[in-house]
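This is what each chain is made of:
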Amino acid sequence: MPPQLRLNAVAFVSPQNHPILIRTFVQGQDELKYHYIAHTSLDVIDERITAAIASKSTECYLNLLYTMEDVAVYGYMTPLKVKIIIALALTDAVVRDADVLTIFRALHTAYRQSVANPFLRLNAPIDGYNDHAILLAAGSPKWKAFRKRVDDIGKAVGAVAVSV
């Protein structure tokens, strides 16, 4: 039986590096820690993107970004430059890239389905059409389905959603 991955947090960051959604799945831990992890990951992602451009790579999966204390942080960038960051609990077991990539593809699909809904753009300013953070205000009740999809993915991976 393959080792069970434990998802601690998921972060979606806009192309302009504004947090779209940061969702934590660990009880009793400070949510601010995962905001810090998401923001520090942006520097590593920028380095990886620069290296990928130099080598003309088109890969979305950015592999393991770094490990910190009790989490391993992985990165993914969509073709529209939205960054998805996940924090997995560190274990002694080997984490296969295929398992992590499956999680990222599910999260990317959830994001893509939410952004594709044409009725959610009614209140967005015209000049901010490229900034998805405006469209995806995480506290907005309009994006309840997106948050639910992210929570469902977290439950499928083995996490229990605790943040509201």
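Being a predicted model, the structure only gives us computed values, none of them experimental.

What counts and how
- Residues numbered from 1 in each chain as written.
- Predicted model: local features only at pLDDT ≥ 70, side-chain atom pairs only at ≥ 80, totals over all residues.
- Heavy atoms only, no water.
- Helix = DSSP H or I, 4+ residues; strand = E, 2+ residues; numbered from the N terminus.
- Expected span 1.5 Å × (residues − 1).
- Buried < 20%, exposed > 50% of the residue type's maximum accessible area, 1.4 Å probe, protein only.
- Pairing = 2+ DSSP bridges.

1. Observations regarding helix α2 (residues 97-115)
The α-helix advances 3.6 residues per turn, and as a result positions three or four apart in sequence lie on the same side.
Piece 1. For α2, which comprises 19 residues, the first-to-last C-alpha distance of 27 Å matches the rise-based estimate of 27 Å (1.5 Å per residue) to within 8%.
Piece 2. Within the span of α2, buried status applies to Val100, Leu101, Ile103, Phe104, Leu107, His108, Ala110, Tyr111, Ser114 and Val115.

2. Let's talk about the pairing of strand β5 (residues 83-89)
Piece 1. When you tally the buried positions in β5, you get seven out of seven residues, the bulk of the element.
Piece 2. The alternating pattern of β5 places Lys83, Ile85, Ala87 and Ala89 and Ile84, Ile86 and Leu88 on opposite faces, both of which are buried.
Piece 3. With six bridges joining them, strand β1 (residues 7-13) and β5 adopt antiparallel strand pairing. Bridge pairing in β5 links Ala11 to Ile85.
Piece 4. Where strand β4 (residues 71-77) meets β5, seven bridges bridge the pair, whose relative direction is antiparallel. Each residue of the ladder has a partner; that of Met77, found in β5, is Lys83.

3. Observations regarding the environment of Thr24
Piece 1. On the secondary structure map, Thr24 appears in strand β2 (residues 19-24).
Piece 2. Considering only alpha carbons, one finds Thr24 and Ile86, 62 residues apart in sequence, at a separation of 9.8 Å.

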